[in-house]
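Fold and geometry: a report
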Amino acid sequence: MKSLNLLTENVIVFLPIRLLRSITIDLILMTHKIENIAVLTSGGDAPGMNAAIRAVVRACSYYEVNCYGVYKGYEGLIDNEIEQLNARSVRNIINKGGTFLKSARSKEFRTEEGRKKAYENLIKNQIDALIVIGGDGSFTGALKLSEEFNFPVIGIPGTIDNDINGTDYTIGYDTALNTVVEAIDKIRDTASSHNRLFLIEVMGRDAGDIALNAGIGAGAEEILIPEENMGVDRLIDSLKKSKHTGKTSSIIVVAEGDKSGKNIFELGEYVEEHLEDYEVRVSVLGHIQRGGPPSCYDRVLASKLGVGAVEALLDGKDKIMVGIVHKKVTIVPLTDSLEKRKQKHDQLIKVADITSV
Ligand code: ATP
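All of the points below concern the structure found in this document. (Residues numbered from 1 in each chain as written. Predicted model: local features only at pLDDT ≥ 70, side-chain atom pairs only at ≥ 80, totals over all residues. Heavy atoms only, no water.)

1. Section: the sheet that holds strand β8 (residues 250–255)
Spelled out, the test is: In this analysis, strands are considered paired if DSSP registers two or more bridges between them. Working definition: helices are DSSP H or I runs of at least four residues, strands are E runs of at least two. Numbering for both runs from the N terminus. Here an angle of 0 to 180 degrees is reported between the N-to-C directions of two axes, which are lines fitted to C-alpha atoms, with helices fitted over the stretch in contact. What makes two residues a contact is simply this: any of their non-hydrogen atoms within 4.5 Å.
Pairing in this open sheet of four strands is parallel, and the strands run β7-β8-β6-β9 from one edge to the other. Unpaired on one side and paired on the other, β7 (222–224) and β9 (279–284) mark the two borders of the sheet. If you compare each strand with its neighbour and ignore which way they point, the axes differ by 20 degrees on average. In this sheet, β8 lies alongside β7 in parallel orientation, the contact comprising three bridges. Bridging across to β8, Ile 223 finds its partner in Val 253. Its contacts with the sheet place helix α8 (residues 209–217) against β6 (196–202), β7 and β8, and it is angled at close to 170 degrees to β7. Sitting on the sheet, helix α9 (residues 232–244) touches β6, β7 and β8, and the angle it makes with β7 is about 165 degrees.

Here it is, written out as structure tokens:
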């Protein structure tokens, strides 16, 4: 990877593109024996997965290795739903949400027998390495497959939750944020027209990234996240104070995994009981957060990580995840990507507190 970066960053100015390309390919081919790469998407779909598949397929084409698409994630690997792809197979998908390879959650792959079937199909199709686009569950499965059968795997973080260690951003997160902000903006119109208080549930079972960032971006009064337990009574106090300072409507953003101990509807009832002046409404944004065309940021991120994954494989890397850290494509061991994220939200929480007075 390093030599590649040096080549592309420093020499591109002096060498014709064709010559540079053939030198780069020769250098890589000297160090690898990988001729057939398979790619799949697994777990929850995320906008930008298509752009990542496209980048993997086109990078394979660029480096003159064969690329195979596995349909329906690990389920398709077990059922041998594998098809060769070429650069034209992925035309007109960079702007599409979801994943044209489909995604699935496979129970069978959680078993050793299931993974053995998957491995046998990889061998049957003469595949040398597997790229898995998904979240931490998908990476756990990939690592098991790799360790049990000594098979090279690489992970690309594709999940709207942004909950993967070792990358600043996951593919789909930026699009989901923008979708949530747009939805809250619309709900705010209703909230302010009727003096209502809206509790809006957003995705994030373990990570409050979407709730905090979209909450700040959409001007929420309160934001409840899984990493912090503000307590329902403090929430009521805070809303009462806001009311006294002249607020006539309020937006509270609640991450799915918040620690209030109440689900969003119970929380709504509790707030209504303790705040007589407000009409309380609950809105669960749900699956709209996963859909829609990917943002430009997600398309570019997916393209960088897709190319990075193929280059890393050809460079002999295995059991790693390709991520983005301080704007640079970086690799970390898959085991590190599965560790708990050391994410500190202190600064964002302070900003949210200050800007919602
Ligand atoms: P998201 O973050 O969007 O939920 P994810 O990749 O974490 O994505 P999961 O449903 O957790 O989604 O995992 C996807 C698939 O990975 C599972 O359906 C299963 O096939 C495989 N998988 C998950 N955990 C394991 C495990 N412990 N062992 C083997 N395979 C696993």
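2. Considering the site of the ligand
Quick reminder of the rule: The rule for a residue being near a molecule or strand is that one of its heavy atoms must lie within 4 Å of it. As used in this structure description, the phrase polar contact means that two N or O atoms lie within 3.5 Å; if the pair is within protein, one of them must be able to donate a hydrogen and the other to accept it, and residues adjacent in sequence are counted only when both atoms belong to side chains. Accessible areas in this description were obtained via Shrake-Rupley with a 1.4 Å probe; residue shielding takes into account the shown protein chains only. Any residue outside Ala, Val, Leu, Ile, Met, Phe, Trp, Tyr, Cys, Pro, Asp, Glu, Lys and Arg is labelled polar, Gly included; the first ten of those are nonpolar and the last four are charged.
Contacts to the ligand come from 18 residues, most closely from Arg 105, Ser 106, Asp 136, Gly 137 and Ser 138. Contact distances for the ligand include 2.7 Å between an oxygen atom and a backbone N or O atom of Ser 106. Within the backbone of Gly 137, an N or O atom sits 2.9 Å from an oxygen atom of the ligand. If the ligand stood free it would expose 620 Å²; the protein chains cover 89% of that surface. Per-element accounting of the shell around the ligand gives the leading share, six residues, to helix α6 (residues 136–149). Considering only residue class, the shell around the ligand consists of two nonpolar, 10 polar and six charged.

3. Observations regarding the sheet that holds strand β5 (residues 153–157)
In a beta sheet, neighbouring strands pair by backbone hydrogen bonds and run either parallel or antiparallel. Reading across from one edge, β3-β2-β1-β4-β5-β10-β11 is the order of the seven strands in this open sheet, with mixed pairing throughout. The outermost strands of the open sheet, each flanked by one partner alone, are β3 (82–85) and β11 (328–333). Averaged over all pairs of adjacent strands, the angle between strand axes in this sheet comes to 30 degrees, irrespective of strand direction. Where strand β10 (residues 320–325) and β11 come together, six bridges link them in antiparallel fashion. Pairing of Gly 323 across the sheet is with Thr 330, part of β11.

4. Examining the side chain of Ser 146
What counts, and what does not: Partly exposed describes any residue whose relative accessible area lies between the buried limit of under 20% and the exposed limit of over 50%, with all areas from a 1.4 Å probe on protein chains only and scaled to the type maximum.
Tracing the backbone shows Ser 146 in helix α6. Assessed through its relative accessible area of 0%, Ser 146 is described here as buried. Not counting chain neighbours up to four residues away, the residues in contact with Ser 146 comprise Phe 151, Val 153, Asp 318 and Lys 319.

5. Considering the environment of Val 282
For Val 282, the location among the structural elements is in strand β9. Between the C-alpha atoms of Val 282 and Glu 266, which are 16 residues apart in sequence, the distance is 9.9 Å. Those residues in contact with Val 282 that lie beyond four places of it in its chain are Leu 199, Ile 264, Phe 265 and Gly 268.

6. Concerning the packing of aromatic side chains
Keep this limit in mind: Aromatic pairing here means that ring centres of Phe, Tyr or Trp (its six-membered ring) are within 6.5 Å. Orientation follows from the plane angle: under 30 degrees is stacked, over 60 is edge-to-face, and everything else is tilted.
This structure, assessed with the given rule, holds seven aromatic pairs. Relative to Tyr 297, the ring of Tyr 169 has its centre 5.6 Å away and its plane inclined at 80 degrees; by these criteria the two rings are edge-to-face. In this pair, Tyr 169 is assigned in the loop between β5 and α7 (173–194) and Tyr 297 in helix α11 (residues 296–314), connecting sequence segments 128 residues apart. Look at Tyr 169 and you get partly exposed, because its relative accessible area is 37%.

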